[in-house]
Each structure stands twice: as structure tokens, then as C-alpha cells.
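Structure assessment
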Amino acid sequence: MERQLLWTRDFTIITLGTAVSTLGNAIAGFAISLLVLDNTGSTLLYAIFMACYYAPNVVVPLLAGPYLDRMSRKRVIYTMDFTSSALYLLVWLLLSRGFFHYWVMLAGVLIIGSINSIYTVAYDSFYPNLVAAGNFTRAYSIASLLYPLASFTLPLASVVYRAAGTVAPLFLVNSLLFFTAACFERSIRFQETHMSAAAPSAHHGLGRFRADFREGMGYIRSEGGLLVVTAYFFVTMLTGQVNDTLLLPFFRNHAQLFSAVPVDVVTLYSIVTACSVGGRLVGGLIHYRFVYPTGKKFVIALFVYTTITVMSAVELFLPVVPMMLVFFLSGVLSVTSYNIRISATQSYVPDRIRARFNGTFQMVCSVGQILGQVLAGVCSQFAQERTIILCAMALNMAAIYGIVWPGRQHVKKVYNRQA
């Protein structure tokens, strides 16, 4: 009976659409990384490029939240996917004709980043409405499976890249994937009610936006648990992005460490990171089958945050096989972190104000990601990747026991609930 409640028509459609668009995002991130590194050979320019991808997330989600609490989120979702399809098609046409200009591509990635930031706020705010009460944990376990499944295609994408000698075909695939996802999303039948539930306003246009914005910020400030979670995730996104930004350059810059492995370093990077993806897949399956005790979710989350930090600090110091195992375990635990946090917060925040919370949370996390990418690029000019990551994880550990632990009573009110 519970499974029938979860797998409604609309939930099935949103899951299929998300699976397709997630596949596109996974391939896009891989292709963009190689595109910049191949054409510039600079870790700093690569870090700046990736930071610009996240730059719109500093402003756009905060601006989008108040509007998305008063307009159709479903329409925004499929419109953004149709637009992404058109843009990736344009990139494919340019690259297939041998065109690459760093600053032009930088402008393009700013546009793509803006689209993705609007999409994310709309999607995160719309998705909970398609989940029956009591099924949030299982629903988000399904959502957490999609990226791992999509990322298993990265070794195949690497093969295509090597065979074609260019990432251009990958952008054509992205265009087709986003078009397909938009078609799925457009067929959802759920009737949105948050527009009519929005508080009446005597203001119009910019005045109404300011009033809605102030209401959203006031709500977040009044919720201690949400404040603590948001503050910690700012730090963990920063330190995690330092790690993620330096992984591919580490493999490329230290190929001699892997001379005994019978594959090139780019393929090895794909295989090692695929272990993390495999861990996420296993973690998602665990959450689908097993629900953690409600009263223990905060303790479990704290353990997960600490363990992931320690493993991230040491993973690049290990031989290849132990490194793959650590990546796998980190993947399992990262899904636990994601599932506890998102199922708790999305079921806790009222629908009428959910987009404003999600917009603010996304903005804060994106600031952390951008700072992490820039910091990684700058520090890479003076220190080795492993040393930088070790320092970043020390900062993350300080945040766990300097932010989350002191605020545990507030966070427990959000986390230790039936979702």
C-alpha cells in the first residue's frame, strides 16, 4: 500500500524526467571540465571557469525564490529544460566547427548556470508536492539514486571523448537528453495551489518582490535549526568543492603515481569517481529499504559528516584499490547526509514559502562552492593538491564541532521528525 502511495503517475513521471536530465547534467559537467582543461591546460583557468558556472547561484536563486512562490513551478521546470536543450545544441554546433574561445564559453557557462539555478529552486520546491505524506525518505532515496546511475555513463563518455578526439558529441547528447526531460515534465498533471495560498500583498511588481523577500528571510531567521544547517552546508560546500575541483588536476598532474595502472589517467579518474557513484547507488537502495530511527537521525548525520571529512582528507594518499574503497564508502555516507537533510527540511518548510527557503539555501551553498573553486585554483599555484585538500577538511571538521554540535538542539527539531 505504501509503495502504491509513493509511485503515483506524477511521481513516476517526475522521476523519469529527472533521471534523463540528471544524465545530461552528469555528462555536461564531465564534458565542460575536459573542454577547458584541454584548451587551456591551466588549473587556475579551469577553476575560474567552473566558479563562473556557479556564480549565478549567488544572486539568481535569491531573486527567483519570491517569484516562484507566486507562479507555476512546473512551467518553469520544463521551460528551463527546453532552453538548456537549445543551448547545448548551439555549443555542439560551435565545437563541431572547431570554435573555442575561452571568454565566449565563459559567457555561455554563465547563462547555463543561471538556467540551472532557477531550475533547481523550482524543482526542489515542486518535487515535495508529488510525494505522499510519510514517503519523503523513500522518495528522496529514489532521487539520490539518479545521479549515481547517470554517472555510471562517465567511463563511456570518456571512451567517446577519446575516440572522437573532442567533447563535441557529448554536448549533442546533452541537448537530446534535456529535450526529452522537458517533454516528460510537461505531462505532469498536479495542480499547484501555492500561488493562491501566498499571502495577499498590497504591493505590485518590485514592491511585492521586496515584501515577499523580507517575509522569506524573516522565516529563515526565526528557525534556528534551518540557520544552523544552512551555515554548516556553506562550509561543507566550500571544502567539498576544493576537493572536487582538484581531483581531476591531481590525476592529470601526477600520472607517474599511476604508471602501474594499465589505463590512462583520465579514464582512471572516471573509474575512481565511479566508485563514489556506486556507493551513492548502494546508499540510495539502503534508504529505500531501511528507514533510520526518527530520534537518531541527528546523531547519524553527525557521524556521517565526521566520517566523510576524515575519508576525504586521506583518500588521495592511498594506493588505487584502497582509494577506490574509500570513494565507495564516502558515496554511501554522502547519500545518508543528503537524504536526512533534504527530506527533513523539505517536509518541515511550508509549501507557500518553500521556494524562498530553497533559493536562500542554494545561494548560500553556491557562494561556498564558488569560494571553494577559486580557493582551490589559487592555492594550486603554491601547494600540491593533497595538501590543499587536507587543510580544507580540517576546516570542515572545525565547522562540524563549531557550528552543528553547539546548535544540535535546534537541528534535532528539524532532523528528528517523521518525514
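Structural notes, computed from the coordinates.

Before going further, it helps to examine the overall build of the protein. Scanning the protein from terminus to terminus reveals 18 helices and zero strands. For a compact globule of 419 residues, the expected C-alpha radius of gyration is about 22 Å, and the protein comes in at 21 Å, within 12% of that figure. Across its three principal axes, the protein shows a C-alpha extent of roughly 60 × 50 × 45 Å. Burial analysis of the protein (419 residues in total) assigns 55% to the buried set. Across the protein, every contact between residues at least 6 apart in sequence was considered, and the portion connecting residues at least 24 apart equals 89%. Accessible surface computed for the protein: about 17,500 Å², of which carbon and sulfur atoms make up 68%.

One finds Phe49, Leu95, Val167, Phe171, Phe251 and Phe258 to be the most contacted residues of the largest nonpolar core, which totals 60 residues. Counting residues per element, this core draws most heavily on helix 2 (residues 9-40), which supplies 10 residues.

Another aspect to go through is the pattern of salt bridges. Under the defined criterion, the tally for this structure stands at five salt bridges. Across the pair Arg73 and Asp69 runs a salt bridge, and its minimum N-O distance is 2.7 Å. Comparing Arg73 with Asp69 shows no difference in burial state: the two are buried. Where Asp351 meets Arg73, a salt bridge forms, and the shortest distance between an N and an O atom there is 2.8 Å. Placement of Asp351 in helix 16 (residues 351-379) and of Arg73 in helix 5 (residues 73-96) is noted, with a sequence separation of 278 residues between them. Here the salt bridges do not stand alone but share partners, grouping Asp69, Arg73, Asp351, Arg354 and Arg356 into one network.

On to helix 5, then. End to end, helix 5 covers 35 Å across 24 residues, agreeing with the expected 34 Å (1.5 Å per residue, within 8%). Every buried residue of helix 5 is accounted for by Arg73, Lys74, Val76, Ile77, Tyr78, Met80, Asp81, Ser84, Ser85, Tyr88, Val91 and Leu95. For helix 5, the side-chain oxygen to backbone nitrogen distance between the N-cap and Arg75 is 3.2 Å, and the N-cap itself is Ser72. Immediately downstream of helix 5, the backbone of Gly98 shows phi near 80°, a positive value.

The next point concerns the packing of aromatic side chains. For the structure shown, the criterion picks out 23 aromatic pairs. Pairing Tyr78 with Phe82 gives two aromatic rings, centres 6.4 Å apart and planes at 75°, and the pair type is edge-to-face. Taken as a pair, Tyr78 and Phe82 lie in helix 5 at a separation of four residues, close to a single helical turn. Looking at Tyr78, the relative accessible area reads 14%, which means it is buried. With a relative accessible area of 30%, Phe82 lands in the partly exposed category. Aromatic side chains Phe126 and Phe190 sit 6.0 Å apart centroid to centroid with 70° between the ring planes, which places their arrangement in the edge-to-face category. Separated by 64 residues along the polypeptide, Phe126 in helix 6 (residues 102-126) and Phe190 in the loop between helix 9 (168-186) and helix 10 (194-197) bring together distant segments of the chain.

Moving on to a nonpolar patch on the surface. Among the surface-exposed residues, Leu89, Leu90, Leu93, Leu94, Phe99 and Val104 lie close enough to one another that they form a single nonpolar patch of about 440 Å² accessible area. Among the elements that take part in the nonpolar patch, helix 5 stands out by supplying four residues, more than any other. In this structure, Leu89 sits in helix 5.

Examined against the element boundaries, Val131 turns out to sit in the loop between helix 6 and helix 7 (136-151). The buried category is assigned to Val131, whose relative accessible area is 8%. As a C-alpha pair, Val131 and Asp10 span 121 residues in sequence and 9.0 Å in three-dimensional space. With near-sequence residues (within four places) excluded, Val131 lies in contact with Leu6, Phe11, Phe136 and Ala139.

On to the state of the cysteines, then. Taken as a whole and judged by the stated rule, the model has zero disulfides. Cys379 carries a free sulfur, and the closest cysteine sulfur to it, the one in Cys391, is 8.1 Å from it. Classification of Cys379 by relative accessible area gives partly exposed; the value is 24%.

In a regular helix each residue adds 1.5 Å, so 29 residues correspond to 42 Å; helix 16 covers 42 Å between its end C-alpha atoms and thus fits that length. Summarising burial for helix 16: 22 of the 29 residues are buried, a large majority.

Glancing now at the packing of helix 12 (residues 224-253) against helix 15 (residues 320-348). Two numbers describe how helix 12 lies on helix 15: the axes approach to 13 Å, and their chain directions differ by 150°. Here helix 12 is positioned roughly antiparallel relative to helix 15, judged by the angle of their axes. Of the two possible hands of crossing, helix 12 and helix 15 adopt the one that is left-handed. Residues Leu226, Val229, Phe233, Leu247 and Phe251 of helix 12 pack against Met323, Phe327, Ser337, Arg341, Thr345 and Tyr348 of helix 15. Among the residues making up the contact of helix 12 with helix 15, the classes are represented as eight nonpolar, two polar and one charged.

Once that is clear, we can look at the side chain of Ser144. Tracing the backbone shows Ser144 in helix 7. Here Ser144 falls in the buried class, since its relative accessible area comes to 8%. A polar contact is formed between the side chain of Ser144 and the backbone oxygen of Ser141, at a distance of 2.7 Å. Excluding anything up to four places from it in sequence, Ser144 contacts Arg280, Gly284, Val335 and Tyr338.

Inspection of the secondary structure puts Ser72 in the loop between helix 4 (56-68) and helix 5. Under the relative-accessibility criterion, Ser72 is labelled buried at 11%. In terms of polar contacts, Ser72 uses its side chain to reach the side chain of Glu192, at 2.7 Å.

What counts, and at which threshold
Residues numbered from 1 in each chain as written. Predicted model: local features only at pLDDT ≥ 70, side-chain atom pairs only at ≥ 80, totals over all residues. Heavy atoms only, no water. Helix = DSSP H or I, 4+ residues; strand = E, 2+ residues; numbered from the N terminus. Rg over C-alpha atoms; globule rule 2.2 N^0.38 Å. Buried < 20%, exposed > 50% of the residue type's maximum accessible area, 1.4 Å probe, protein only. Contact = heavy atoms within 4.5 Å. Areas by Shrake-Rupley, 256 points an atom, 1.4 Å probe, with all protein chains shown as cover. Core = buried A, V, L, I, M, F, W, Y, C linked by side-chain atoms within 4.5 Å. Salt bridge = Lys/Arg side-chain N within 4 Å of Asp/Glu carboxyl O. Expected span 1.5 Å × (residues − 1). Polar contact = N/O pair within 3.5 Å; in protein donor to acceptor, adjacent residues only side chain to side chain. Phe/Tyr/Trp six-rings, centres within 6.5 Å; stacked < 30°, edge-to-face > 60°. Patch = residues over 30% accessible without salt bridge, like charges linked within 9 Å, V, L, I, M, F, W, Y side chains within 5 Å. Disulfide = S-S within 2.5 Å. Axes fitted to C-alpha atoms, helices over the stretch in contact; angles between N-to-C directions. Parallel < 35°, antiparallel > 145°, perpendicular 65-115°, else oblique. Left-handed = near helix turned anticlockwise from the far one by under 90°. Nonpolar A, V, L, I, M, F, W, Y, C, P; charged D, E, K, R; others polar.

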